[in-house]
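# Working through the structure, step by step
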Amino acid sequence: MALIKQHLIDPEICIRCNTCEDICPEKAITHDSRNYVVQADLCNSCMACISPCPTGSIDNWRSMPRVIAYSIETQLEWDELPPELSAEQLAEQGVSAVELPAPVEAPPAASSALDNASYGAVLPPWSAAHPYTNLYGPKAAEKTIEARVVGNVRVTEAGASAGKDYDTHHIVLDFGGLSFPVLEGQSIGIIPPGVDNQGRAHHARQYSIASPRNGERPGYNNLSLTIKRVLEDHQGQPVRGIGSNYMCDLQIGDKVQVIGPFGSSFLMPNHPRSNIVMICTGTGSAPMRAMTEWRRRLRASGKFEAGKLMLFFGARTQQELPYFGPLQNLPKDFIDINFAFSRTPGQPKRYVQDLLRERAADLAPLLSDADTCFYVCGLKGMEEGVLLAMRDIVHHAGQDWDQVGAALKREGRLHLETY
Ligand code: A2P
């Protein structure tokens with residue numbers, strides 16, 4: 001009797017962001033309005049979907065006789081994952097005790113040594129505030145919450161680059177009298193209206209919140225998002241991103257359907273004298289803006305003894321860097337800002353990891369300081385470059401990266417969110 005390790009998605013944790021379905025090279029993942037599911041005869045355990053999943057709901061495996069593997073129809077009905085089959089149930093299927101595999105562990109991820117799975121924390125910093133999650137969504141009593149658009153402005157000076165639109169918007173959503181508590185670093189999902197090319201409702205698009213916990217406008221029940229209009233895919237082929245174009249074209253007064261909030265580890269430390277090092281590209285700046293603005297408000301209140309803030313921000317050019325103007329206006333003794341521009345005519349190409357190496361003398365002590373948290377958000381490609389730079393900085397300071405890297409993960413001090 002052939003046994004397989006059947007790959008399953010935990011419906012209780014999955015936030016339906018579609019990342020796995022997008023990324024699966026075998027087209028083994030599909031969904032309906034309730035669940036994301038894996039087709040057993042198509043999945044070849046290539047693991048491409050494992051590390052990009054923001055929740056870990058993707059990383060579930062069951063020993064199953066191939067002939068009774070859970071069908072996608074069965075999985076679509078689940079509210080929770082079934083337990084492993086017992087020895088008796090397997091025996092009924094003709095699986096003898098000697099054939100039983102060892103307790104199932106996920107196959108090791110097919111990823112590089114320096115990646116999110118190895119170093120990215122799954123716990124928040126110890127002093128993070130308590131986040132509320134999944135208040136609205138497929139598993140909540142309320143499926144969506146309606147928000148009203150109260151702002152939509154472009155936040156890049158440039159609207160066009162190399163002949164293509166480069167359009168990044170700051171969009172403010174207001175929840176009126178409804179409760180929607182969020183923290184810096186959390187995200188929300190937006191459900192675009194209409195159906196996809198298979199006639200199914202669009203899945204939710206996930207966006208990081210760009211405003212602090214007490215609102216884009218302090219004391220108002222609103223939040224902001226930073227959204228880049230997607231007009232080409234990762235290979236440079238023209239596509240029109242459903243979610244981003246819907247969002248960037250919204251008018252004041254329009255209503256949007258929201259789910260969330262999501263995220264319980266990419267959260268900022270709240271204790272006095274804690275330091276924050278932020279590393280981002282493009283719209284990965286959204287959570288950094290939220291954290292910076294919260295710290296700015298705390299500082300203005302005069303009631304919080306803040307630590308250091310460092311920002312490493314990469315963009316093609318100054319004109320394409322979201323919030324360039326407002327960032328310039330922040331006091332130098334409040335935040336240490338470092339820009340990396342990769343396509344400034346006449347200038348060498350620079351990435352955020354180049355800046356990290358240049359600031360090694362300042363970063364080395366912070367990397368092994370229990371009061372310093374690191375946040376990385378933006379292009380997937382940046383993740384390995386940033387981790388390599390961190391490793392080299394630690395080595396050159398005469399320290400052991402394995403120890404420092406393990407502490408960063410264990411203590412919830414290094415958070416990686418790349419796409
Ligand atoms: P590049 O000019 O090489 O594309 P985008 O505008 O596409 O969102 O990208 C934001 C910035 O991130 C750009 O400056 C881009 O440079 C840069 N970038 C691209 N790949 C990497 C990488 N592997 N590591 C760091 N930065 C990168």
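Residues numbered from 1 in each chain as written. Predicted model: local features only at pLDDT ≥ 70, side-chain atom pairs only at ≥ 80, totals over all residues. Heavy atoms only, no water.

### So, the overall build of the chain
In plain terms, the rule: Counting from the N terminus, the helices are DSSP H or I runs at least four residues long and the strands are E runs at least two residues long. This radius of gyration counts C-alpha atoms alone. The globule rule is 2.2 Å times how many residues there are, raised to the power 0.38. Buried, partly exposed and exposed residues are distinguished by accessible area as a fraction of the type maximum, computed with a 1.4 Å probe on protein chains only: under 20%, between the cut-offs, and over 50%, respectively.
The secondary structure content of the chain amounts to eleven helices and 17 strands. The globule rule puts the C-alpha radius of gyration for 419 residues at 22 Å, and the 22 Å found for the chain is close to it. Along the first, second and third principal axes, the C-alpha atoms of the chain reach 70 × 55 × 45 Å. Relative to its 419 residues, the chain shows a buried fraction of 50%.

### Some points on the sheet that holds strand S15 (residues 336-341)
In sheet architecture, strand pairing relies on hydrogen bonds along the backbone and comes in two forms, parallel and antiparallel. We apply this condition: Two strands are said to pair when DSSP picks up at least two bridges between them. An axis is simply a line fitted to the C-alpha atoms; with a helix, the fit covers only the stretch in contact. Between two such axes, the angle follows the N-to-C directions and lies from 0 to 180 degrees. Note on contacts: a residue pair qualifies if any of its non-hydrogen atoms lie within 4.5 Å across the two residues.
Taken in spatial order, the five strands line up as S15-S14-S13-S16-S17 in an open sheet, and their pairing is parallel. Of all strands in the sheet, those with a lone pairing partner are S15 and strand S17 (414-418), marking the two edges. In this sheet, neighbouring strand axes are inclined to one another by 10 degrees on average, regardless of whether the strands run parallel or antiparallel. Of the pairings in the sheet, the one linking strand S13 (residues 275-281) to strand S16 (residues 372-378) comprises six bridges and is parallel in character. Paired with isoleucine 276 across the strands is cysteine 373, a residue of S16. Set on the sheet, helix H6 (residues 285-301) makes contact with S13, strand S14 (309-315) and S16; between it and S13 the angle comes to about 150 degrees.

### Observations regarding the side chain of serine 224
Stated precisely, the cut-off is as follows: Counted as a polar contact is a pair of N or O atoms within 3.5 Å, where, for protein atoms, one must be capable of donating a hydrogen and the other of accepting one, and residues adjacent in sequence contribute only when both atoms are in side chains.
With respect to the secondary-structure elements, serine 224 resides in strand S11 (residues 222-228). Taking relative accessible area as the criterion, serine 224 reaches 0% and is therefore assigned buried. A polar contact is formed between the side chain of serine 224 and the side chain of glutamate 216, at a distance of 2.7 Å. A distance of 3.5 Å separates the side chain of serine 224 from the side chain of arginine 289, its partner in a polar contact. For serine 224, the residues in contact, after removing those within four places along its chain, are His170, Ile171, Val172, Ser208, Ile209, Ala210, Ser211, Glu216 and Arg289.

### Observations concerning the environment of glutamine 75
Mapped onto the elements, glutamine 75 comes out in helix H2 (residues 72-77). Note: C-alpha distance between glutamine 75 and arginine 34 (41 residues apart in sequence) is 10.0 Å. Here glutamine 75 is in contact with Gln6, Leu8, Asn35, Val37, Val38 and Tyr70, once residues within four sequence places are set aside. A distance of 3.1 Å separates the side chain of glutamine 75 from the backbone oxygen of tyrosine 70, its partner in a polar contact.

### Points about the pattern of salt bridges
The following threshold applies: Every case where a carboxyl oxygen of Asp or Glu lies within 4 Å of a side-chain nitrogen of Lys or Arg is listed as a salt bridge.
Scanning all chains against the criterion turns up 21 salt bridges. A salt bridge links arginine 213 to glutamate 184, with the nearest nitrogen and oxygen atoms 3.0 Å apart. Of this pair, arginine 213 sits in the loop between strand S10 (205-208) and S11 while glutamate 184 is found in the loop between strand S8 (168-174) and strand S9 (187-191), placing the two residues 29 residues apart along the sequence. Between aspartate 196 and arginine 200 there is a salt bridge, and its shortest N-O distance comes to 3.5 Å. The exposure class assigned to aspartate 196 is partly exposed, which follows from its relative accessible area of 21%. Taken together, the shared-partner salt bridges in this structure form one network comprising Arg154, Asp167, Arg229, Arg240 and Asp249.

### A few points about the site of the ligand
Going by this rule: The criterion for a residue being near a molecule or strand is simple. One of its heavy atoms has to lie within 4 Å of it. All residues other than Ala, Val, Leu, Ile, Met, Phe, Trp, Tyr, Cys, Pro, Asp, Glu, Lys and Arg, Gly among them, are scored as polar; the first ten of these are nonpolar and the last four charged.
Within the structure, the ligand sits among 14 residues, and Tyr166, Ser342, Arg343, Lys349 and Tyr351 are positioned closest to it. At 2.6 Å, a side-chain N or O of arginine 343 approaches an oxygen atom of the ligand. Here an oxygen atom of the ligand and a side-chain polar atom of lysine 349 are 2.7 Å apart. Of all the elements in the fold, those that place two or more residues in the shell around the ligand are S14 and helix H10 (380-396). Considering only residue class, the shell around the ligand consists of five nonpolar, five polar and four charged.

### Quick notes on the side chain of arginine 359
Within the secondary structure, arginine 359 is located in the loop between helix H8 (352-358) and helix H9 (360-367). Ignoring sequence-local partners within four residues, the contact set of arginine 359 consists of Met310, Phe312, Asp336 and Asn338.

### Regarding unusual backbone geometry
Cis rather than trans, the peptide bond between glycine 260 and proline 261 has omega equal to -10 degrees. Looking at where proline 261 falls in the secondary structure, it is placed in strand S12 (residues 255-262).

### Observations concerning the packing of H9 against H10
To be explicit about the condition: Each angle is binned into one of four classes, with values under 35 degrees roughly parallel, values over 145 roughly antiparallel, values of 65 to 115 roughly perpendicular, and all other values oblique.
One can describe the packing of H9 onto H10 by two numbers: an axis separation of 9 Å at closest approach and a directional angle of 90 degrees. As summarised for this structure, H9 and H10 are arranged roughly perpendicular, according to the angle between their axes. Where H9 approaches H10, its residues Ala360, Leu363, Ala364 and Leu367 are matched on the opposing element by Met390, Ile393 and Val394. Looking at side-chain class alone, the contact of H9 with H10 contains seven nonpolar, no polar and no charged residues.

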